[in-house]
Amino acid sequence: MAPAGRPGAKKGILERLESGEVVIGDGSFLISLEKRGYVKAGLWTPEAVIEHPDAVRQLHMEFLRAGSNVMQTFTFSASEDNMESKWEDVNAAACDLAREVAGKGDALVAGGICQTSIYKYHKEEARIKKLFRQQLEVFAWKNVDFLIAEYFEHVEEAVWAVEVLKESDRPVAVTMCIGPEGDMHDTTPGKCAMRLVKAGASIIGVNCRFGPETSLKTMELMKEGLERAGLKAQLMVQPLGFHTPDCGKEGFVDLPEYPFGLESRVATRWDIQKYAREAYNLGVRYIGGCCGFEPYHIRAIAEELAPERGFLPPASEKHGSWGSGLDMHTKPWVRARARRDYWENLLPASGRPFCPSLSKPDV
């Protein structure tokens, strides 16, 4: 299957999803840019869109080449409560970068907001909605294609976000950073899904905090909740690019390796192909990644679902399917790895003989 050329006219997010088309999201920005020296761990705010726009642009480009259909604005934690006077310029610059790169392919621009820093301490609906509305005004001015409310621990705040975003005429997606146990107030994934759809979200799901396997379990519970309630929505999943079977209710932030020692947990491209297929089989059609998801992970999604999409991404020009490029290697034992069953069944070693395979969460 040959990589695709420039596509024709762009369809909207709901038009794509409702027709059964696979939409591939993007991947990691905060953690990837922190590793590259452009984001400071702690507050995890996105000043890089102004201070280092070329770095952000390059990452957008790599995700686009890897197969992403969505360029999400790098506006995580870019609300006034986190960034004070810089918030408006950061949101505007992030929109411009995402639009610039989206214009080079068949990608849409999604304006993104996330949970606030004040909800846990001051559950003031009007104050929190004002923060969301400020970002929404920039997204409307910059004419983003649709909106994403992501990374919410509490369904109540996520509902408030959806209600604000619905004031626009753009489709609204919402994802929570929860696992199978539900949100921080013990609202189950199924009930979270119901509340988000009733609030007006057209696309619902989970992102971040948990690895692919756990996130898909949560998605299954969300789907079951909607079915029991007779509600419908498009499904979306964007997990970590790390294996986290040992984390607690709050996800990978409770692991002792977070955030600077997670490398031994990175999913392989083959792990991500398996995840993409399982997500598709579950009925999820918006499939992407969050922290730890590099462009080659996004390419893995695009390659696994190429039969359904009908084409490969441009980045596949330099990647042989299931290691097929190794058949040109000079060493016969390496050539023997140029087959699907080898990589599907590989149990990769960490190279760390004195390290455990699992950790004990700090909380």
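Bear in mind that the values here come from a model prediction, so they are computed numbers and not experimental data.

Engineer: Lay out the side chain of T45 with the relevant residues and their values.
Structural biologist: With respect to the helices and strands, T45 occurs in the loop between α2 (30-35) and α3 (48-51). Sequence-distant contacts of T45, defined by excluding residues within four places in its chain, comprise V39, F76, S77, N82 and M83.

Engineer: Describe the pairing of strand β3 (residues 108-114), naming the residues involved and giving the relevant values.
Structural biologist: Within β3, seven of the seven residues are buried, which leaves the element mostly enclosed by the surrounding structure. Across the two faces of β3 the burial is the same, with L108, A110, G112 and C114 and V109, G111 and I113 all buried. Across five bridges, the pairing between β3 and strand β4 (residues 146-152) is parallel. In the sheet register, G112 faces β4, and the bridge partner there is I148.

Engineer: Account for the environment of S77, with residues named and values stated.
Structural biologist: Checked against the element boundaries, S77 lands in the loop between β2 (70-72) and α5 (80-83). Sequence spacing of S77 and P212 is 135 residues, and the spatial spacing of their C-alpha atoms is 23 Å. Beyond its immediate stretch of four places on either side in the chain, S77 contacts L43, W44, T45, P46, N82, M83 and C114.

Engineer: I'd love a proper account of helix α7 (residues 125-141), names of residues and values included.
Structural biologist: Side chains of residues three or four places apart in an α-helix project in the same direction, reflecting 3.6 residues per turn. Taking 1.5 Å per residue as the helical rise, α7 with its 17 residues ought to reach 24 Å, and the 24 Å between its terminal C-alpha atoms agrees with that figure. Residues of α7 that are buried include every one of I128, K129, L131, F132, Q134, Q135, L136, V138 and F139, and no others. Remark: N143 follows α7 within two positions and exhibits a positive phi of approximately 60 degrees.

Engineer: I'd like a description of the pattern of salt bridges, backed by residues and values.
Structural biologist: In total, this model carries 23 salt bridges according to the counting rule given. R265 is the salt-bridge partner of D246, the closest N and O atoms lying 2.7 Å from each other. One end of the pair, D246, is in the loop between β7 (234-238) and α11 (269-282); the other, R265, is in the loop between β7 and α11, with 19 residues separating them in the sequence. In this structure D246 comes out as buried when scored by relative accessible area, which is 10%. Take R265: its relative accessible area is 7%, and that puts it in the buried class.

What counts as what
Residues numbered from 1 in each chain as written. Predicted model: local features only at pLDDT ≥ 70, side-chain atom pairs only at ≥ 80, totals over all residues. Heavy atoms only, no water. Helix = DSSP H or I, 4+ residues; strand = E, 2+ residues; numbered from the N terminus. Contact = heavy atoms within 4.5 Å. Buried < 20%, exposed > 50% of the residue type's maximum accessible area, 1.4 Å probe, protein only. Pairing = 2+ DSSP bridges. Expected span 1.5 Å × (residues − 1). Salt bridge = Lys/Arg side-chain N within 4 Å of Asp/Glu carboxyl O.

Note that every value here comes from positions in space, so none of it alone points to a role or purpose.
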